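# Descriptive analysis of the structure
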Amino acid sequence: MNISIIGASGYSGAELIRLLLQHPEANITAIYSNSQAGKAIQDVYPHLNHIFTEQLETIDCAKIQAEADVVFIATPSGVSSKLTPALLNGKIRIIDVSGDLRLETPELYKEWYGKEPITQNYLDQAVYGLSEWSAAAIADAKLLANPGCYPTATLLSLLPLLNEGLIDGKSIIVDAKSGVTGAGRGASLGTHFCEVNESIAAYKVGKHQHTPEIEQTLRKLTGRDALISFTPHLVPMNRGILATSYATLAEGVTTEQVAAAFSKAYEGKPFVRLRPGAYPKTKEVTGSNYCDIAWHIDGRVGRIVLLSVIDNVVKGAAGQAVQNMNIMFGLPETTGLAFTPVYP
Ligand SMILES: NC(=O)C1=CN([C@@H]2O[C@H](COP(=O)(O)OP(=O)(O)OC[C@H]3O[C@@H](n4cnc5c(N)ncnc54)[C@H](OP(=O)(O)O)[C@@H]3O)[C@@H](O)[C@H]2O)C=CC1
Ligand SMILES: CC(=O)N[C@@H](CCC(=O)OP(=O)(O)O)C(=O)O
């Protein structure tokens, strides 16, 4: 497969390069960026010295269309909505890592992202690529909306229970923590070392753009109502997300029913590791495409507490994007992704 990466100088782009270099069927033919175009990638990312030495180019949709079987778009929100109409033609398949194609309507996007949306007909064509839940639709997708990092961690833990009607979809509270790579490589006051080091803080309470993505996907994939309170936090680490979700259990639900729902959902799914009763650490999935899920029933208050960890740049972005590419091209999902986490 000939592959182009737009946004290759960003963290998700760099992770796509790392993963695709180890993918037996992938051939990275061109890498594109914005302000870094003209530089060799190893001058932007010295860890790639002697490994990958392509030059970053200025985005050229006609060239990408002519050359690529797959294009990954790993740019800030508001960019792929402009590029997609020029790219979506002929045989090319588009995997968008940004949030531009994930929400169902332009109005919803405008409300939560505050940017100009793409038109409805592109949103209608886009397949939401939560790999473990939508493989059949992903296989046929020409335009794929790769899930956000928080939604990936959160949805993988909530979906099995809501799907079986074991929790009340309107009782869900999600408290999530992310490492700073989640905010991208660009320098900003909020991600400045002195601002985040030895500190932890919530942000965008009740306003985070992943809230409608999580609710919409819960509803769509289960046919049940869902309303969540979502609070993200920035924590002083490079990679990783821990999503802690709380939900009220339906009357009479047993431990066995909960375990059966998770086993049914993830039987044969190579990247979800079920760890009932455990306290998964972000460190236990670092550098890998795994999502580790644990659950604890708090019978005293009638709630279940779900703990879900991913590496935000891998399963939360580039790794799931490659997993989706594998599904789109009929390859085993694990192709090029069979990494052991880096520990400690
Ligand atoms: N980081 C993460 O954990 C996750 C990120 N995402 C999403 O993936 C996307 C990329 O994120 P991330 O890698 O963190 O971002 P970065 O900020 O690290 O990288 C952004 C990339 O996009 C390029 N870019 C910036 N502005 C433009 C523009 N106007 N036109 C074309 N290219 C542009 C940059 O180029 P240059 O360097 O030349 O400016 C850079 O290559 C975002 O939409 C993000 O929300 C999704 C899930 C997880
Ligand atoms: C730590 C951190 O800042 N994380 C980012 C996640 C970005 C992301 O994945 O958002 P979209 O792809 O939906 O734009 C945030 O909270 O906005």
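Residues numbered from 1 in each chain as written. Chains lettered and ligands numbered in written order. Predicted model: local features only at pLDDT ≥ 70, side-chain atom pairs only at ≥ 80, totals over all residues. Heavy atoms only, no water.

## Considering the site of ligand 1
- Around ligand 1 lies a shell of 27 residues, among which Ser9, Ser12, Ser35, Thr75 and Arg185 are the nearest.
- In this structure, Gly10 approaches ligand 1 through a main-chain N or O atom, which is 3.2 Å from an oxygen atom.
- Between ligand 1 and Asn34, the relevant distance is 2.9 Å, taken from an oxygen atom to a main-chain nitrogen or oxygen of the residue.
- Listed by contribution, the elements that provide at least two residues to the shell around ligand 1 are helix H1 (11-21) and helix H12 (314-328).
- Here the shell around ligand 1 spans two domains, and each of domain 1 (2-125) and domain 2 (150-311) adds at least three residues to it. (Near = heavy atom within 4 Å. Polar contact = N/O pair within 3.5 Å; in protein donor to acceptor, adjacent residues only side chain to side chain. Helix = DSSP H or I, 4+ residues; strand = E, 2+ residues; numbered from the N terminus. Domains from an automatic or database assignment.)

## Focus: the site of ligand 2
- Among the 15 residues in the neighbourhood of ligand 2, the closest are listed as Arg102, Tyr113, Tyr203, His208 and His210.
- Note that a nitrogen atom of ligand 2 is positioned 3.1 Å from one of the backbone N or O atoms of Gly182.
- Between ligand 2 and Gln209 there is a distance of 3.0 Å, counted from an oxygen atom to a side-chain nitrogen or oxygen.
- Residue contributions to the shell around ligand 2 reach at least three from each of two domains, namely domain 1 (2-125) and domain 2 (150-311).

## Overview of H12
- For H12, with 15 residues, the first-to-last C-alpha span of 18 Å runs short of the 21 Å given by 1.5 Å per residue.
- Where H12 bends most, at Gln320, the angle is about 45°.
- The element H12 is extensively covered by neighbouring structure, given that 15 of its 15 residues are classed as buried.
- One or two positions beyond H12, positive phi appears at Gly330, with a value near 70°. (Expected span 1.5 Å × (residues − 1). Bend = angle between axes of the 7 residues up to and from the residue. Buried < 20%, exposed > 50% of the residue type's maximum accessible area, 1.4 Å probe, protein only.)

## Some points on the UniProt feature "active site" (unreviewed entry) in the chain
- The sites that carry the UniProt feature "active site" (unreviewed entry) are, in the present numbering, Cys149.
- Positionally, Cys149 belongs in helix H8 (residues 149-163).
- The residues touching Cys149, leaving out its near neighbours within four places in the chain, are His210, Ile241, Ile310, Asn312 and Gly316. (UniProt positions renumbered as here; feature names shortened; annotations may be inferred. Contact = heavy atoms within 4.5 Å.)

## Details of the pairing of strand E4 (residues 70-73)
- The side-chain alternation of E4 yields two buried faces, one formed by Val70 and Phe72 and the other by Val71 and Ile73.
- Where strand E1 (residues 2-6) meets E4, 4 bridges bridge the pair, whose relative direction is parallel. Among the inter-strand pairings, Ile5 is bridged to a residue of E4, identified as Phe72.
- In this sheet, strand E5 (residues 93-96) lies alongside E4 in parallel orientation, the contact comprising 4 bridges. What sits directly across from Val71, in E5, is Ile94. (Pairing = 2+ DSSP bridges.)

## What about the domain arrangement of the chain?
- Considered domain by domain, the chain is made up of domain 1 (2-125) and domain 2 (150-311).
- Taken together, the 12 residues of domain 1 in the interface contact 15 residues of domain 2.
- Roughly 1200 Å² is buried in total at the junction of domain 1 and domain 2, and carbon and sulfur atoms are behind 54% of that figure.
- The largest contributions to the domain 1 side of the interface with domain 2 come from Tyr11, Arg102 and Trp112, which together make up 49% of the buried area.
- For the pair domain 1 and domain 2, the number of links is 3 salt bridges.
- Across the pair Arg239 and Glu15 runs a salt bridge, and its minimum N-O distance is 3.0 Å.
- Sorting the residues of the side of domain 1 that touches domain 2 by element identifies H1 and helix H5 (106-113) as the ones contributing at least two each.
- Residue composition of the side of domain 1 that touches domain 2, grouped by class: 7 nonpolar, 1 polar and 4 charged. (Buried area = accessible area lost by both parts, 1.4 Å probe. Salt bridge = Lys/Arg side-chain N within 4 Å of Asp/Glu carboxyl O. Nonpolar A, V, L, I, M, F, W, Y, C, P; charged D, E, K, R; others polar.)

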